[in-house]
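Chain residues, written in single-letter form:
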Amino acid sequence: MLGTFAVESGKTFAAVVFMGASAKIKYGSTDQDITADGRLKWEVQAAVTFFNEFGMRPQAEVIAVTIASASDPAAGIPMGSPVELADFKLGFTQAELREKNGQAGIRGGKPYFQASAVRAVRPVMAGKSDG
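> Can you explain the overall build of the chain? Please cite residues and give values.
Helix and strand counts for the chain stand at one helix and 10 strands. Taken along its principal axes, the extent of the C-alpha atoms in the chain is 65 × 40 × 25 Å. When each of the 131 residues of the chain is scored for burial, the buried share is 23%. Accessible surface for the chain amounts to roughly 9300 Å². Of this, 54% is attributable to carbon and sulfur atoms. Taking the 14 positively charged and 13 negatively charged side chains of the chain as two groups, their mean positions are separated by 2 Å.

Structure (C-alpha cells):
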C-alpha cells in the first residue's frame, strides 16, 4: 500500500524543535529538487519527542520533513525554536526485493515526512498565563 497518512502532530509529539533547513537535492545531482507543479523542495530537520505511553519513557529523534515552497520555509526561525509542522503527513517508500551478489534483501519501505509549512510557536511557560 502506497500513500500518505495525515498525522495530528499535537497528539503524536510532546515537542517539536527546529534544528535547521536546507534545499532538498535531487538524487544523483547537485540541483534542487522540485515538485511536479514546479515548487522548490526544502528539507526541514526537526527534533521530535513522542508522548510517552504505557509507562514507557519518552522517545526522541530527529526527522527530515519535506516542504514545498517558493523560498526557504524556515527563514527567520531561530535554531532551537519550538515549531509546528502544518498539515503533517507520513508515508512509506515502495519496498522492493532485490538481489545483489547472490544475497536477497529489501530496499525501500522507509518512512518519509511531509508538511505544508513550518511555523515558530510561542512556548508555554509552566504556571504562566496570558492574562
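Picking up where we left off.
> Quick one: what's the story with the packing of aromatic side chains, residue by residue and with numbers?
Counting across every chain of the model gives three aromatic pairs. Members of the aromatic cluster, each reached through a chain of ring pairs, are F13, F50, F88 and F113.

> Outline the pairing of strand 4 (residues 60-68), supporting the account with residue identities and numerical values.
Here strand 3 (residues 41-50) pairs with strand 4 via nine bridges, running antiparallel. By the bridge assignment, E43 is partnered in strand 4 with T66.

> Residues and numbers for unusual backbone geometry, please.
Residues other than glycine seldom take positive phi values, yet F54 does so here, at roughly 55°. Looking at the secondary structure, you find F54 in the loop between strand 3 and strand 4. Here the phi dihedral of D87 falls at roughly 55°; this positive angle occurs in a residue that is not glycine. Of note, D87 is situated in the loop between strand 5 (83-86) and strand 6 (89-92).

> Lay out the pattern of salt bridges in plain terms, naming residues and giving numbers.
Enumeration over the complete set of coordinates arrives at four salt bridges. The shortest N-O distance in the salt bridge between R119 and E84 comes to 3.0 Å. On the criterion of sequence distance, the pair formed by R119 in strand 10 (residues 117-120) and E84 in strand 5 is long-range, its members being 35 residues apart. The exposure class assigned to R119 is partly exposed, which follows from its relative accessible area of 40%. On the basis of relative accessible area, E84 is assigned to the partly exposed category, the value being 36%. Put simply, E96 and R98 hold a salt bridge, and the shortest N to O gap is 2.6 Å. E96 gets classed as partly exposed once you look at its relative accessible area, which sits at 28%.

> Tell me about the side chain of T66, residues and numbers included.
Relative to the helices and strands, T66 is located in strand 4. Of the polar contacts made by the side chain of T66, one reaches the side chain of K24; its length is 2.9 Å. Those residues within four positions of T66 in sequence are excluded, and the remaining contacts are K24, K41, W42, F113, Q114 and A115.

The rules behind the values
- Residues numbered from 1 in each chain as written.
- Predicted model: local features only at pLDDT ≥ 70, side-chain atom pairs only at ≥ 80, totals over all residues.
- Heavy atoms only, no water.
- Helix = DSSP H or I, 4+ residues; strand = E, 2+ residues; numbered from the N terminus.
- Buried < 20%, exposed > 50% of the residue type's maximum accessible area, 1.4 Å probe, protein only.
- Areas by Shrake-Rupley, 256 points an atom, 1.4 Å probe, with all protein chains shown as cover.
- Lys, Arg positive; Asp, Glu negative; His and termini not counted.
- Charge placed at Lys NZ, Arg CZ, Asp CG, Glu CD.
- Phe/Tyr/Trp six-rings, centres within 6.5 Å; stacked < 30°, edge-to-face > 60°.
- Pairing = 2+ DSSP bridges.
- Salt bridge = Lys/Arg side-chain N within 4 Å of Asp/Glu carboxyl O.
- Polar contact = N/O pair within 3.5 Å; in protein donor to acceptor, adjacent residues only side chain to side chain.
- Contact = heavy atoms within 4.5 Å.

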